[in-house]
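Single-letter residue listing:
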Amino acid sequence: MFWSLIRKDLIRRWRSPASTLVMLLFPFMMAGMIGAISSGPSDQIPPTTLFVLDREDGLLGGFLTGGAVPEDSGFRLEVEKVGEEGFARMENGEASAMLVIPESFTEDLIEGRTTTLRLVRNPAESIKPEILEQGTYVIATYLDVAVKVLGEELEQMFDMFESDEMPSVLMVTQLSAAFYERISQAETYLFPPVVSIGSTKEEGAPRPNLFGYVLVMVSVMSVLFVAIRAVTDLYEDQRTGMLRRQLATPVPVAALVNAKVLFAVVFGVLVMLILLVAGALFGWFQEAVPVHWVLLHSVAYSLAAAGLMTMEVSVVRTEKQAGILAWIVVMGMSALGGSMFPAEFLPEGVRNLSRLTLNYWAVEGYLDLIVRDGRLADVLPRTALLAGVGVVFAGVGQMLMQRRLREVVR
Amino acid sequence: MLSVTNLSKHYGEIRAVDGVGFDVAAGRIFGLLGPNGAGKTTIISMIAGLVSPATGRVEVDGIDLARDPAAVKRRLGVVPQEIALYEDLTARENLAFWGGIYGLRGKEMDHRRDELLELVGLADRAREPVKNFSGGMKRRLNLALGLVHRPRLVLLDEPTVGIDPQARINILDVVRDIVAGGTTVLYTTHYLEEAEDLCDELAIMDHGTIHAKGTIAELKAELGEGSVLTVQGAFEKEDVARVVEDLDGARLLELDDGRALVNVPLGSDGVGHTLKALYGSGLPLSGITVKEPNLEDLFLKLTGRELRD
């Protein structure tokens, strides 16, 4: 009996695939759109804080803390020079990353010895440290090119900057002419680089892929839409007389509701897995994905989504009301919970509200599993929470929905 | 097979069904005849366990619905008035779904599905989505879905509404076929001809109550044997009454200004004599029709209004 109810819904989805295709394509469209938006200026992106621990107290540290990112770059960077206490402050969430400049950085740079700029990433954040790391690569590349191309002239330039005396006009002119000649002759630069970047969150941690990140975020929202669509089917059945007909059979009302919830879970897991497999095929996720955990997390999240939507739909009277309320709930949870933009971008107070949404726990779990290479020990509580909430929501939703269905038939 | 006792259902001040009772023997077709709003569908809903009655009792095959609704529902096949089908599924898939609900599986399901598709004349369209079907075809499939688990009692709620004559004939044939196989049918309709043609017994309903019940012959006997004259003209009802009272055996069934229904029983002075008396009375008559008494006349007599009012 249960299988008949679920099979019927699966066949109907297969026959009318438009809404399912939209749910499947939506996350990819969003990933593309966000990619396009991130290439242009935006006032919406909150400022990113970078600590600089300058153990050398040299030119580079001064350059970084004194410089500014162009306003039209769409990225607002606040750089603060800190001491060793910077590590603790970053762990408190005061910065997205900390750049550590080693003691003999400038000397090693000029002498052509390999030296390392270490970027310590805030493990609680994903996107901003990634942006900073990319920025640090740019700095390293510029320095690398400068050392290889300018050589002696660079050493003279550093001496000039460190001298207390004002350089003569002749000296500056000679140095400029030498710079020009060197740069015009340099067509390529040699490897290996003199300056390398060491990124630290945890040893060997891979960098998240922005597209994978966005795909996960929006896919989580899609599963909520899947749950709404599945549960509001009950109202469609009421409108078409199918519900009345089904209630005249020996099948209990509870079984009809449970079958719908189960269908929402099955379909939600299917949609999520299709999206994640597609993301993996695009190479947006890390190579070693713990498939069983992803499946378990998907089941838990789909159950929570289906349970929540069952509760929500049972407190309204019509299919239209159900659709409107569900849309508000989904959009609200998605905005707060990290399905529209990363929760870490939200202000501190709002970020606490994120934890009240299903999206937050689902997104964080998926990111740890397939994007950030998080520890399973961190994922398990999130999966368990979603499963627990799902069981409670589905139970309460089932009771409310039974009452509602009996009313609407009469 | 079906016993309904003192069944009532009120919605606020409205008495949708008021103290209805009847019995249906196994293998018979029992009709509920009445206009829209008479309470027929509410009775079907209460028997199907969809609506709780305010008072009364329903027993199917000796099982009290209130005590064991699941056992009763297993014996019931419900064919609702509205066409309730999954339009994006094929006829086969719709039947498989309903069969699955009742626990039919494998070859048993396949056999029953083919049998029903043949019965309702949809075997050649079985693999098409229902949304491509005509109204009549959907009605036939609607009926088949209620029969998939071989119910002992089938509740048919106005199964021929809005379809062409050919589809209606097909549905009535199917009903006769299943009754011939031992199934009991409770059939609601507001079509007099259909009720008269199909049902073994009838209950005539209006405003939630049963006004008369029995076999067709018993009901017609309430009108008296003989003929019914419908007299029309610009007359006062008292004038017609005076003329009819003078006729031996003739009696007024219904009387109003401008319209009268007169029963002329067998063994009386006969139709010719009555016609002669009426025309000879000098009343301003516009016409008189003579016919055998039918359920329409009975309904008019019982409720004071025509069935299609």
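Given the structure is predicted, the values throughout are model-derived calculations rather than measurements.

> How should the overall build of chain B be read in this particular structure?
Counting secondary structure elements, chain B contains 11 helices and 14 strands. Across the 309 residues of chain B, 54% fall into the buried class. In chain B, of all internal contacts separated by at least 6 residues, the share reaching a separation of at least 24 is 69%. Total accessible area on chain B stands at roughly 13000 Å², and carbon and sulfur atoms take up 46% of it.

> I'm lost on the overall build of chain A in this one. Help?
Summing up its helical and strand segments, chain A has 16 helices and 5 strands in all. The buried share of chain A, reckoned over its 410 residues, is 48%. With the model as given, the accessible surface of chain A reaches about 19800 Å², and the carbon-plus-sulfur share is 62%.

> It is not clear to me how the sheet that holds strand 14 (residues 285-291) of chain B should be interpreted in this structure. Could you clarify?
All names here are of chain B. Strand order in the open sheet formed by 4 strands is 12-13-11-14, and the pairing between neighbours is antiparallel. For this open sheet the edge positions go to strand 12 (251-256) and strand 14, each flanked by a neighbour on one side alone. Across the sheet, the mean angle from the axis of one strand to that of its neighbour is 15°, orientation sign disregarded. As paired elements, strand 11 (residues 227-233) and strand 13 (residues 259-264) share 6 bridges and run antiparallel to each other. When the sheet's bridge partners are listed, T230 is paired in strand 13 with L261. The strands touched by helix 9 (residues 237-245) within the sheet are strand 12 and strand 13, with strand 12 carrying the most contacts at an inclination of about 170°.

> Explanation requested: unusual backbone geometry in the structure shown.
Negative phi values dominate among residues other than glycine, just as trans dominates among peptide bonds. All names here are of chain B. Within the chain, N6 stands out as a residue other than glycine whose phi angle is a positive 50°. If you trace the backbone, N6 turns up in strand 1 (residues 2-11). One non-glycine residue with positive phi stands out, namely H207, at about 50°. The topology assignment puts H207 in the loop between strand 9 (201-206) and strand 10 (209-215).

> So what exactly am I meant to see when it comes to a nonpolar patch on the surface here?
A cluster of nonpolar side chains, namely F2, L262, V266, L270 and I274 of chain A, defines an oily patch on the protein surface of about 370 Å² accessible area. It is helix 11 (residues 253-281) of chain A that provides the largest number of residues to the nonpolar patch, a total of 4 residues.

> Explain a negative patch on the surface to me, please; I cannot follow it from the model alone.
All names here are of chain B. A grouping of E236, E238, D256 and D257 is seen on the molecular surface, where their side chains present a negatively charged patch. Mapping D256 onto the fold places it in strand 12. Overall, D256 belongs to the partly exposed group, its relative accessible area being 42%.

> Whenever I open this one, the packing of aromatic side chains confuses me. Can you help?
Given two aromatic rings, their pairing is described by the distance between the two centres and the angle made by the two planes. All names here are of chain B. Across all of its chains, the model carries 5 aromatic pairs over all chains by this definition. When the centroid spacing of 4.7 Å and the interplanar angle of 10° are considered together, the rings of F22 and F30 count as stacked. We note that F22, like F30, is buried. A network of ring pairs unites the aromatic residues Y86, F97 and W98 as a single cluster.

> Please explain the sheet that holds strand 1 of chain B as it appears in this structure.
Paired through their backbone hydrogen bonds, the strands of a sheet run either parallel or antiparallel. All names here are of chain B. Strand order in the open sheet formed by 4 strands is 2-1-4-5, and the pairing between neighbours is antiparallel. One side of each edge strand has no neighbouring strand; the edge strands of this open sheet are strand 2 (14-24) and strand 5 (63-64). By the bridge criterion, 7 bridges tie strand 1 to strand 2 in an arrangement that is antiparallel. By the bridge assignment, H10 is partnered in strand 2 with R15.

> How should I be thinking about the interface of chain A and chain B in this particular structure?
A common measure of how large an interface is: the accessible area buried when the components associate. Contacts between the two partners involve 22 residues from chain A, matched on the other side by 30 residues from chain B. Connecting chain A to chain B are 2 salt bridges. Salt-bridge contacts for R15 of chain A lead to E93 of chain B; the nearest nitrogen and oxygen are separated by 2.6 Å. At the boundary of chain A with chain B, the tally comes to 10 residue pairs in polar contact (both at pLDDT 80 or more). A per-element tally of the side of chain A that touches chain B places helix 1 (residues 2-15) of chain A first, with 6 residues. Partitioning the side of chain A that touches chain B into residue classes produces 9 nonpolar, 6 polar and 7 charged.

> So what exactly am I meant to see when it comes to the side chain of T230 of chain B here?
Examined against the element boundaries, T230 of chain B turns out to sit in strand 11. With residues up to four places along the chain from it excluded, the contact list for T230 of chain B reads R259, A260, L261, G287, I288, T289 and K291 of chain B.

> Please clarify how helix 11 of chain A should be interpreted in this entry.
Since the α-helix turns once every 3.6 residues, residues separated by three or four places project in the same direction. If you check helix 11 of chain A, its first and last C-alpha atoms are 42 Å apart, about what 29 residues at 1.5 Å a residue would give, namely 42 Å. Directly beyond the C-terminal end of helix 11 of chain A, a positive phi value near 80° is found at G283 of chain A.

> Got a minute to help me understand the nonpolar core in this structure?
The tendency in soluble globular proteins is for nonpolar side chains to be buried as a group. Counting 158 residues, the largest nonpolar core has L2 and F22 of chain B as the members making the most contacts within it. For this core, the element with the most residues is helix 9 (residues 210-240) of chain A, which contributes 17 residues. Filtering out sequence-adjacent residues up to four positions away, L2 of chain B remains in contact with F22, D23, V24, I47, V58, E59, V60, L153 and L186 of chain B. In this structure, F235, L247, A250 and V264 of chain B belong to the second largest nonpolar core, which totals 15 residues.

> Explain the pairing of strand 11 of chain B here, please?
Two faces, one strand: in a regular strand the side chains alternate between the faces of the sheet. Residues and elements named next belong to chain B. Among the 7 residues that make up strand 11, 6 are buried, leaving the element largely enclosed by the rest of the structure. Sheet analysis places strand 11 next to strand 14, joined by 6 bridges and oriented antiparallel. Note on strand 14: the bridge partner recorded for L229 is V290.

> I keep staring at the environment of M309 of chain A and nothing clicks. Help me out?
On the secondary structure map, M309 of chain A appears in helix 12 (residues 291-314). Here M309 of chain A is in contact with L224, A227, I228, V231, A326, V329 and V330 of chain A, once residues within four sequence places are set aside.

> Looking at this model, I keep getting lost on the packing of helix 13 (residues 319-337) of chain A against helix 15 (residues 358-371) of chain A. Mind explaining?
Residues and elements named next belong to chain A. It is the contact of helix 13 with helix 15, at a shortest axis distance of 7 Å, that shows an interaxial angle of 50°. What the angle tells us is that helix 13 and helix 15 run oblique. For the pair helix 13 and helix 15, the sense of crossing is right-handed. Note on element contacts: helix 15 touches helix 13 through L358, N359, Y360 and V363, opposite M333, S334 and G337. For the contact of helix 13 with helix 15, the class distribution of residues is 4 nonpolar, 3 polar and no charged.

What counts, and at which threshold
Residues numbered from 1 in each chain as written. Chains lettered and ligands numbered in written order. Predicted model: local features only at pLDDT ≥ 70, side-chain atom pairs only at ≥ 80, totals over all residues. Heavy atoms only, no water. Helix = DSSP H or I, 4+ residues; strand = E, 2+ residues; numbered from the N terminus. Buried < 20%, exposed > 50% of the residue type's maximum accessible area, 1.4 Å probe, protein only. Contact = heavy atoms within 4.5 Å. Areas by Shrake-Rupley, 256 points an atom, 1.4 Å probe, with all protein chains shown as cover. Pairing = 2+ DSSP bridges. Axes fitted to C-alpha atoms, helices over the stretch in contact; angles between N-to-C directions. Patch = residues over 30% accessible without salt bridge, like charges linked within 9 Å, V, L, I, M, F, W, Y side chains within 5 Å. Salt bridge = Lys/Arg side-chain N within 4 Å of Asp/Glu carboxyl O. Lys, Arg positive; Asp, Glu negative; His and termini not counted. Charge placed at Lys NZ, Arg CZ, Asp CG, Glu CD. Phe/Tyr/Trp six-rings, centres within 6.5 Å; stacked < 30°, edge-to-face > 60°. Polar contact = N/O pair within 3.5 Å; in protein donor to acceptor, adjacent residues only side chain to side chain. Nonpolar A, V, L, I, M, F, W, Y, C, P; charged D, E, K, R; others polar. Expected span 1.5 Å × (residues − 1). Core = buried A, V, L, I, M, F, W, Y, C linked by side-chain atoms within 4.5 Å. Parallel < 35°, antiparallel > 145°, perpendicular 65-115°, else oblique. Left-handed = near helix turned anticlockwise from the far one by under 90°.

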